[in-house]
Amino acid sequence: MSATAPDPPDPALGEEFSTLLVGIQRLVRRRLREGLTEPRLRGAQVELLRLVTDFPGLRVSDAAAELSLAANSVSTLVNQLVALGLLRREVDPADRRAALLYATGEAAERLAAWRARRDALVGEVVAGLPAHDRAALAAALPALRGVATGLRERVGEPGTAAPAAGGRTGP
């Protein structure tokens, strides 16, 4: 049994796919900002909060590796989020030079409220699609997970860049 070579990349498909993902994300952020009373957080801040919420007690160095950011960039984000009362830092008893990160109750509430609003917004739009389009979206989820995995695996390869700490998203 011989292995078959992968199909050559389709630049038009990649371009449209990327453009649609970015556009959808931007539209979701804009809709969720409507009526927001607290200051918006930057995308990298939200990513760090989500990560720390999912893995309480995470070290700064581990967060940096998971987010593909420099440790000093994550330290800056930690300082910002501590100042906003959304993150707390504790000395790691196993290594007093390291810090363990924990989301505050306020952070957890903001993330939960934002996720609920996002899920309701996107769920409503998806529910309004014809049944065959909803089925196509559901069928595409494994392929989308494959794209995410492939991108995650490429971080740090020559010719690839780590994601930039950037635009404002989320709560």
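J.: Any details on the overall build of the protein chain? Residues and values, ideally.
T.: A tally of regular secondary structure across the protein chain gives 6 helices and 3 strands. Mapped from its N terminus to its C terminus, the protein chain presents α and β elements in the order α-α-β-α-α-β-β-α-α. Scored against the burial criterion, the 171 residues of the protein chain give a buried share of 23%. Counting only contacts in the protein chain whose residues sit at least 6 apart along the sequence, the fraction spanning at least 24 positions is 63%. Just so you have it, the protein chain exposes about 11,400 Å², and 58% of that area is on carbon and sulfur atoms.

J.: Explain the pattern of salt bridges to me, using residue names and the numbers behind them.
T.: Working definition: two side chains of opposite charge can pair if their charged atoms are close together. Under the criterion given, the structure shown has 6 salt bridges. Of the charged contacts in the structure, one is a salt bridge between glutamate 90 and arginine 88, with a shortest N-O distance of 2.4 Å. Residue classification places glutamate 90 among the partly exposed residues on the basis of a relative accessible area of 35%. The salt bridge involving arginine 97 is made with aspartate 95; its shortest N-O contact spans 3.1 Å. Assessed through its relative accessible area of 19%, aspartate 95 is described here as buried. Each of Arg59, Asp92, Asp95 and Arg97 takes part in salt bridges that share partners, so that together they form one network.

J.: An account of helix 1 (residues 11-33) is needed here, citing residue identities and associated values.
T.: Taking 1.5 Å as the rise per residue, helix 1 with 23 residues should run 33 Å; its terminal C-alpha atoms sit 33 Å apart, in good agreement. Elements in contact with the buried residues of helix 1: helix 5 (105-127). Between a side-chain oxygen at the N-terminus of helix 1 and the backbone nitrogen of alanine 12 the separation is 3.1 Å; the capping residue is aspartate 10. Note on helix 1: the residue one or two positions beyond its end, glycine 35, has a positive phi of about 80°.

J.: Please give an account of the pairing of strand 3 (residues 95-103) that cites residues and values.
T.: The sheet contact formed by strand 1 (residues 58-59) and strand 3 spans 2 bridges and is antiparallel. Looking at the pairing, arginine 59 lines up with leucine 100 of strand 3. Relative to strand 3, strand 2 (residues 87-92) runs antiparallel, the two being bridged by 6 bridges. By the bridge assignment, arginine 89 is partnered in strand 3 with leucine 101. Counting the residues between successive antiparallel strands, the hairpin from strand 2 to strand 3 contains 2 residues.

J.: Before we move on, can you summarise the sheet that holds strand 2 with the specific residues and values?
T.: Spatially, the 3 strands line up as an open sheet ordered 1-3-2, and their pairing is antiparallel. Both outer strands of the open sheet, strand 1 and strand 2, are each paired with one neighbouring strand and no more.

J.: Could you give me a rundown of the confidence of the model for the protein chain, with the residues and numbers involved?
T.: Of all residues in the protein chain, 88% attain a pLDDT of 70 or more, and the chain-wide mean is 86. Ranking the helices and strands of the protein chain by mean pLDDT puts helix 4 (residues 71-83) first, with 95, and helix 1 last, with 89. Counting interchain partners and residues more than four positions distant, the pLDDT-below-50 stretch residues 158-169 has 26 contacts.

What counts, and at which threshold
Residues numbered from 1 in each chain as written. Predicted model: local features only at pLDDT ≥ 70, side-chain atom pairs only at ≥ 80, totals over all residues. Heavy atoms only, no water. Helix = DSSP H or I, 4+ residues; strand = E, 2+ residues; numbered from the N terminus. Buried < 20%, exposed > 50% of the residue type's maximum accessible area, 1.4 Å probe, protein only. Contact = heavy atoms within 4.5 Å. Areas by Shrake-Rupley, 256 points an atom, 1.4 Å probe, with all protein chains shown as cover. Salt bridge = Lys/Arg side-chain N within 4 Å of Asp/Glu carboxyl O. Expected span 1.5 Å × (residues − 1). Polar contact = N/O pair within 3.5 Å; in protein donor to acceptor, adjacent residues only side chain to side chain. Pairing = 2+ DSSP bridges. pLDDT = per-residue confidence, 0-100.

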